[in-house]
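Chain and residue survey
Single-letter residue listing:
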Amino acid sequence: MKKTIKHRSHVSSYHSLVGDPKAIDKLLHDVFQSRGAEYGKHNDYRLANMLRPDSLKGLDAAVELLVSALANNDSVLIVGDFDADGATSTAVAMRCLSAFGAKKLDYLVPNRFIFGYGLTPEIVAVAAERSPNLIVTVDNGISSIEGVKAAKALGIKVLVTDHHLPGRETPEADAIVNPNQHGCEFPSKNLAGVGVIFYLMTALRKKLREIDWFQQQNIPEPNLGEVLDLVALGTVADVVPLDYNNRILVSAGLQRMRAGKANPGIAAILQIASKEAHRLNSTDLGFAIGPRLNAAGRLDDMSLGIQCLTTSSVPEARDLARELDDLNRDRKQIESSMQQEALKQFENFTDDELSQQSSGICLHQSDWHQGVIGILASRIKDRRHRPTIVFADTDTGELKGSGRSIPGVHMRDILDEIASSNPGLIEKFGGHAMAAGLSLKPESLPAFKKAFNETVERQLTEEIIDPIVLSDGELPEEFLTLDVAHTLKNNGPWGQLFPEPTFDGSFYIVNQRIVGEKHLKLVLSREPYSNIVFDAIAFNVDTNVWPSTRAREVRLAYHLDVNVFRGKESLQLMVVDLDAIE
């Protein structure tokens, strides 16, 4: 689908800055301002600038629960989630509580294919076999009404730490820490699950310090900076908005990794992904480490990923990283096959079926893999620029759906509206603005498709319907340098709702060829027959269109990227969107 390039607000004409010694500062000023931030202030990523934890609702009660558990040598069970945020959250809880002196400490991650998401009564029954005194949920629990009841009925205390949006009812846990729970005044609502448990661990350490716990137990006070690599990974991989506070956390974690201080599991995954630690950026966390970690939860058991993140053995970490890499290769093959099948469904749709999915897309195939439907929904959403939900059959007879949305359409609110207007249609649901999950009875799917399309249609406006690439402006040729690329990279981390600077412009094609099956490698110039050329690459192009024998010129939206080949750095334009000028 063709995209429109639109300039952000606060974009200047950078051609007038050529020769100005403060040109790059002025460029960055515009970039930050267009993202609602202030350059010179909100690119100061020192940990001292982190938000204080004091305003997190439920924090004091949560700390007291954990202090009591430590003092009484209680059995503590961490119940995690089966994605990268859940895995890193579990690893942070395990590493910190162990360092604080917890001796009876274990974790449990629900198998997504058997138990589904969260602290369900079924997973509580499994947990009870380990006789915990306290269950601590990480990255889940805010919607686990019945699960918490089941645990409490068995005499097990429950501490919920989560970041997902609550429903109308919240569980009757002994304590809840969630910046999005009703009445919480914590200024940032964008913490990932791993950010929430990290904040709780910092508050717990402070309390333990106050009561002289570490001296009494004769254990060294832990440096919680040692888990910031995990916090950074989980935050980026969960695609939460990178507000200033989250950028501080991610920046600190990246610094540890670049300095060669990543924990053995992350270091092993980096090595197998052929990523040099000292060149690491937030994109690498999202596209190189995150998918390999997520593959365990998608295809097998996330315990494999957690084991990789918690082991102190370098050889074991390498073995586990290889297993994760193998799973990720399998995931890619499954995803590719499912995507082809989904596109065939569109080809075979009648005009009536297409009109019924003109606003909101719902796809289902009985043999699709439950663990990969979220990725498929994301791919179809990107291709069609419509909110998309993909369903697969489950062993329990229900349909499991995973949805992804587009800017301007809040996926969880859409599901909430459908559930309110159609009681009993959705069995259960939960999620965020951009991603959500749900379950249905098979016979409910036709009615849900209709309700989803109609509900989304009411939300769509002309601004939302057409896919747009937001650009930070056109750069003069003098700005297309390796130094500028490094400066932009170094003022990140960039990510969700704080996107990497994107620029646009017209270029002449000097050379074009396909590499790696479907990636377009370009050599470009700003003027015809110029000796000054620029390398560019566009990933996953339509090979029926590119290379183009007719196009002599292209209109690009791109990032300034640093390419490394055989140890030598060069400027590369990372193409976000391209359109032939014939």
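Basis of the calculations
- Residues numbered from 1 in each chain as written.
- Predicted model: local features only at pLDDT ≥ 70, side-chain atom pairs only at ≥ 80, totals over all residues.
- Heavy atoms only, no water.
- Helix = DSSP H or I, 4+ residues; strand = E, 2+ residues; numbered from the N terminus.
- Buried < 20%, exposed > 50% of the residue type's maximum accessible area, 1.4 Å probe, protein only.
- Areas by Shrake-Rupley, 256 points an atom, 1.4 Å probe, with all protein chains shown as cover.
- Lys, Arg positive; Asp, Glu negative; His and termini not counted.
- Charge placed at Lys NZ, Arg CZ, Asp CG, Glu CD.
- Phe/Tyr/Trp six-rings, centres within 6.5 Å; stacked < 30°, edge-to-face > 60°.
- Lys NZ or Arg CZ within 6 Å of the ring centre and 35° of its normal.
- 1 Å grid on protein atoms, 1.4 Å probe; cavity = no way out; pocket = protein on both sides within 12 Å on 5 of 7 lines; lining within 4 Å.
- Points joined across faces, edges and corners; volume = space filled by probe spheres on them.
- Nonpolar A, V, L, I, M, F, W, Y, C, P; charged D, E, K, R; others polar.
- Polar contact = N/O pair within 3.5 Å; in protein donor to acceptor, adjacent residues only side chain to side chain.
- Contact = heavy atoms within 4.5 Å.

Some details on the overall build of the protein chain
Looking only at helices and strands, the protein chain features 19 helices and 17 strands. Taking the principal axes of its C-alpha atoms as reference, the protein chain extends roughly 75 × 60 × 45 Å. In the protein chain, buried positions account for 53% of the 582 residues. When the accessible surface of the protein chain is totalled, it reaches about 26000 Å², and 47% of it is carbon and sulfur. Considering the protein chain, the positive charge centre built from 62 side chains and the negative charge centre built from 77 side chains are found 3 Å apart.

Here's the deal with the packing of aromatic side chains
Counted by the stated rule, this structure contains 12 aromatic pairs. Considering the side-chain rings of Phe32 and Phe498, the 5.4 Å spacing of their centres and the 75 degrees angle between planes classify their relative orientation as edge-to-face. Residue Phe32 is found in helix α1 (residues 23–33), and its partner Phe498 is found in the loop between α19 (482–490) and β13 (503–515); the two are separated by 466 residues along the sequence. Classification of Phe32 by relative accessible area gives buried; the value is 0%. When its relative accessible area of 1% is taken as the criterion, Phe498 is described as buried. Considering the side-chain rings of Trp494 and Phe498, the 5.1 Å spacing of their centres and the 10 degrees angle between planes classify their relative orientation as stacked. Neither Trp494 nor Phe498 differs from the other in exposure class; each is buried. Taken together, the ring pairs in this structure connect Phe32, Tyr39, Trp494 and Phe498 into an aromatic cluster. In this arrangement the basic side chain of Arg247 is found over the ring face of Phe498, its NZ or CZ atom lying 3.6 Å from the centre. A cation over an aromatic ring shows up here: Arg526 above the ring of Phe507, its NZ or CZ 4.8 Å from the ring centre.

Remarks on the layout of surface pockets
Here the second largest pocket is characterised by a volume of approximately 560 Å³. Taken together, 23 residues line the second largest pocket, and the ones lying closest to its centre are Pro53, Tyr199, Thr202, Ala203 and Lys206. Elements supplying a minimum of two residues to the lining of the second largest pocket: α2 (59–71) and α6 (193–210). Broken down by element, the lining of the second largest pocket gets its largest block of residues, nine residues, from α6. Tallied by class, residues from the lining of the second largest pocket come to 11 nonpolar, three polar and nine charged.

Some thoughts on the side chain of Ser405
Within the element layout of this structure, Ser405 appears in the loop between β9 (399–404) and α16 (411–421). Exposure remark for Ser405: the relative accessible area of 1% places this residue in the buried category. Only 2.6 Å separates the side chain of Ser405 from the backbone oxygen of Val409, close enough to count as a polar contact. With residues up to four places along the chain from it excluded, the contact list for Ser405 reads Lys381, Pro387, Met411, Ala433 and Met434.

As for helix α10 (residues 264–272)
Restricting attention to buried positions, one finds in α10 the residues Gly265, Ile266, Ala268, Ile269 and Leu270. Packed against the buried residues of α10 are α8 (228–237), α9 (244–258), α11 (282–299), α12 (303–310) and α13 (314–348). Taking the backbone nitrogen of Gly265 as reference, a side-chain oxygen 2.8 Å away marks Asn263 as the first, capping residue of α10. Residue Ser274 follows α10 closely and has a positive phi angle near 60 degrees.

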